[in-house]
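# Architecture and fold: a report
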Amino acid sequence: MHEETTVQQASDAATGTTTGAATVERLRATFRTGRTRPLEWRRRQLRALRALLTEQGGVFTEALRADLGKSPVETHSSELSFVVNEIDHTLRHLERWLRPRRVPVPATLLPARARTMLEPLGVVLIIAPWNYPVQLSLAPLVGALAAGDCAVLKPSEVAPASSAALARLLPEYLDGDAVAVVEGGVPETTDLLEQRFDHVFYTGNGTVGRIVMAAAARHLTPVTLELGGKSPVLVEAGTDLAAAARRIAWGRFFNAGQSCTSPDYVLAIGDVAPELEKHLAAAVEEMYGSDPQRSPDYGRIVNERHFDRVAALLDSGRVVVGGRTDRGDRYIAPTVLADVAPDAPVMREEIFGPVLPVLRVPDLDAALAFVNERDKPLALYAFTGSEETRRRVLTETSSGAVGFGLPNAHLTVPGLPFGGVGESGLGAYHGRLSVETFSHAKAVLDKPLAPDTVRVVYPPFGKVKERVIRRFM
Ligand code: NAD
């Protein structure tokens, strides 16, 4: 589907012929015409985006293979169909979500009606990272389009093939006067951040998150920050350790460990560590074979810089499985480390790679204290057979999400907010929340002029009025 064909590439960093300012001005002019507001425009854009994903799946699959060695099956499930599902859910419910919501009016104001209505914000900026370059560009875009906004998308320069595919294909499918793709790195993003947007939606690390928030503050622009951090996994006796190990290994080594919600480290409670480590090693072999480098299902590290960073963490403990690296191939074997000290290098930063340290803690109290002494994680996982442990995990810790029995998958439930808390982020999206994130909830009060029940508050205040006001207001 090639709808509007007046599309141009928004910015050309090489020639510098167009700037962030010109792009935003062009989109703002479109927004002012009101053409992005009707439900029909929004639906058309969402259907076009869906067509892009289904018709051009092969292009994205190749791009992700080039950028991340991502297996076509992972690309399908975590990039393409993920966004298609988000679009379908939104198309199904959008009309209802956009209906004004009646709100009760206090008796003192009657007769009157009150409601909230969602209105589009205007022109928004979406800055995406490299690890799920399609999903994390387009899932926020679904929210922006559904909300009736114009959007500038800045994909990550660290995944260049995916960025190029988005820049080439999005304008062919979407309304090019309402959606622009700006490719580039720090200079281009810095230029964009100088502009006044009506919302900035950033996914990536907390250091840049702070830069984004400071830039947005200059224009009083609200931000959503989807950040990361170290997501712990608690494992307790009384659970099926073999099954738990399979789930943890799958969650950790998916996309070669480069997922924001991926289990970052395991806290093995009591004496479960030796048994769990054995099952983790077996799970790795079951999923990727004895030489994961030859598995078509196992990804690669995005670039040499990240390869060197992750490889340097490998001697933080005893290697249970994995440990091999091949810099020329950007390959790091799925690795489980045992006997890891709490202050080992691998515990000092988000790993964001295929390394899983296992730490031993004596009991649940120690595990909860360990979590609470650190930044609030994006996700916290627990494998336990105990209801009491679940209750304590939920009430005695804080994290963006909690997953019992399965990592990562909470973000595929469109009714659940996806976002962090504290260091792991600010704001959330997915499903209805995406539309709300990219909208303003406007308060509307509608009171007829007659009967004039408000007279009682008009001065001058005599004794009678004063008594009524003091009694009822
Ligand atoms: P990245 O390097 O691709 O950076 C993200 C974006 O910020 C890119 O578009 C990049 O161009 C831009 N950027 C980089 N430096 C900048 C600067 N100085 N000024 C302005 N813009 C700049 O991605 P990353 O940060 O390496 O991504 C990994 C991090 O993102 C991890 O911490 C991960 O946990 C987190 N993450 C979070 C989520 C989530 O949904 N919460 C999803 C994926 C990744």
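None of the values given here were measured: they were computed from a predicted structure. (Residues numbered from 1 in each chain as written. Predicted model: local features only at pLDDT ≥ 70, side-chain atom pairs only at ≥ 80, totals over all residues. Heavy atoms only, no water.)

### Focus on the packing of aromatic side chains
Each pair of aromatic rings is reported with the distance of its centres and the angle of its planes. Heads up, the condition is: Put simply, two rings from Phe, Tyr or Trp (the six-membered ring, in Trp's case) pair if the centres are within 6.5 Å, and we call them stacked under 30 degrees between planes, edge-to-face over 60, tilted for the rest. Strands here mean DSSP runs of E at least two residues long; helices mean DSSP runs of H or I at least four residues long; both are numbered from the N terminus. Whether a residue is buried, partly exposed or exposed follows from its accessible area with a 1.4 Å probe, protein chains only, as a fraction of its type maximum: under 20%, in between, or over 50%, in that order.
Throughout the structure, instances matching the rule amount to 8 aromatic pairs. Residues W130 and F352 carry aromatic rings whose centres are separated by 5.3 Å and whose planes lie at 80° to one another, so their mutual orientation is edge-to-face. Linking W130 in the loop between strand 3 (123–127) and helix 5 (135–146) with F352 in the loop between strand 13 (335–338) and strand 14 (355–361), this pair joins segments that are 222 residues apart in sequence. When sorted by exposure, W130 lands in the same class as F352, which is buried. Measuring from centroid to centroid gives 5.6 Å for W250 and F254, while their planes differ by 70°, and the two rings are edge-to-face.

### A few points about the pairing of strand 13
For a regular strand, side-chain orientation follows a simple rule: the groups alternate between the two sheet faces. For clarity, the cut-off: In this description, strands pair whenever DSSP reports at least two bridges between them.
Here strand 13 shows two buried faces, one formed by T335 and L337 and the other by V336 and A338. Judged from the 3 bridges that link them, strand 10 (residues 318–321) and strand 13 form a sheet pairing that is antiparallel. Among the inter-strand pairings, R318 is bridged to a residue of strand 13, identified as A338. Strand direction decides the pairing type here: strand 13 and strand 14, joined by 3 bridges, are parallel. Across the sheet, V336 pairs through a bridge with L356, a residue of strand 14.

### Section: the environment of L68
Selection rule: By the convention used here, residues are in contact when the closest approach between their heavy atoms is within 4.5 Å.
Assignment of secondary structure puts L68 in helix 3 (residues 57–68). On a C-alpha basis, the gap between L68 and V182 in space is 21 Å, while along the polypeptide they are 114 residues apart. Sequence-distant contacts of L68, defined by excluding residues within four places in its chain, comprise W130, N131, P133, N255, Q258, G299, R300 and V302.

### Focus: the nonpolar core
Basically, it comes down to this: The criterion is simple. A nonpolar core is a set of buried Ala, Val, Leu, Ile, Met, Phe, Trp, Tyr and Cys residues joined through side-chain atoms within 4.5 Å. Domain borders in the structure are assigned automatically or taken from a domain database.
The biggest cluster of nonpolar side chains holds 80 residues, and the ones touching the most others in it are L49, L138, L141, L170 and V200. Looking at which element gives the most residues to this core, the answer is helix 4 (residues 72–98), with 9 residues. Looking at which domains feed residues into this core, each of domain 1 (11–228 + 425–441) and domain 2 (232–413) gives three or more. When neighbours within four sequence positions are excluded, L49 is seen to be in contact with I87, L138, L141, V142, L145, L170 and L174. Ranked by size, the runner-up nonpolar core spans 56 residues in total, among them V235, A333, L364 and A382.

### A few points about the site of the ligand
Note the cut-off: Throughout, the term near means that a residue has one or more heavy atoms lying within 4 Å of the molecule or strand in question. The definition of a polar contact used here is a pair of N or O atoms within 3.5 Å, where within protein one atom must be able to donate a hydrogen and the other to accept one, and adjacent residues in sequence count solely through side-chain atom pairs.
Taken together, 27 residues surround the ligand, and among them S156, E157, N205, L227 and E350 come closest. Take K154: an N or O atom from its side chain is 2.8 Å from an oxygen atom of the ligand. At a separation of 2.7 Å, a nitrogen atom of the ligand approaches a polar backbone atom of L227. If you list the elements that add at least two residues to the shell around the ligand, you get helix 7 (186–194), strand 6 (199–203) and helix 8 (206–217). Counting residues domain by domain, the shell around the ligand receives three or more from each of domain 1 (11–228 + 425–441) and domain 2 (232–413).

### Looking at the domain arrangement of the protein
Looking at the assigned domains, one finds that the protein contains domain 1 (11–228 + 425–441) and domain 2 (232–413). Taken together, the contact between domain 1 and domain 2 spans 19 residues of the former and 19 residues of the latter. Linking domain 1 with domain 2 are 7 residue pairs in polar contact (both at pLDDT 80 or more). For the side of domain 1 that touches domain 2, the secondary-structure elements that each account for two or more residues are helix 3 and helix 4.

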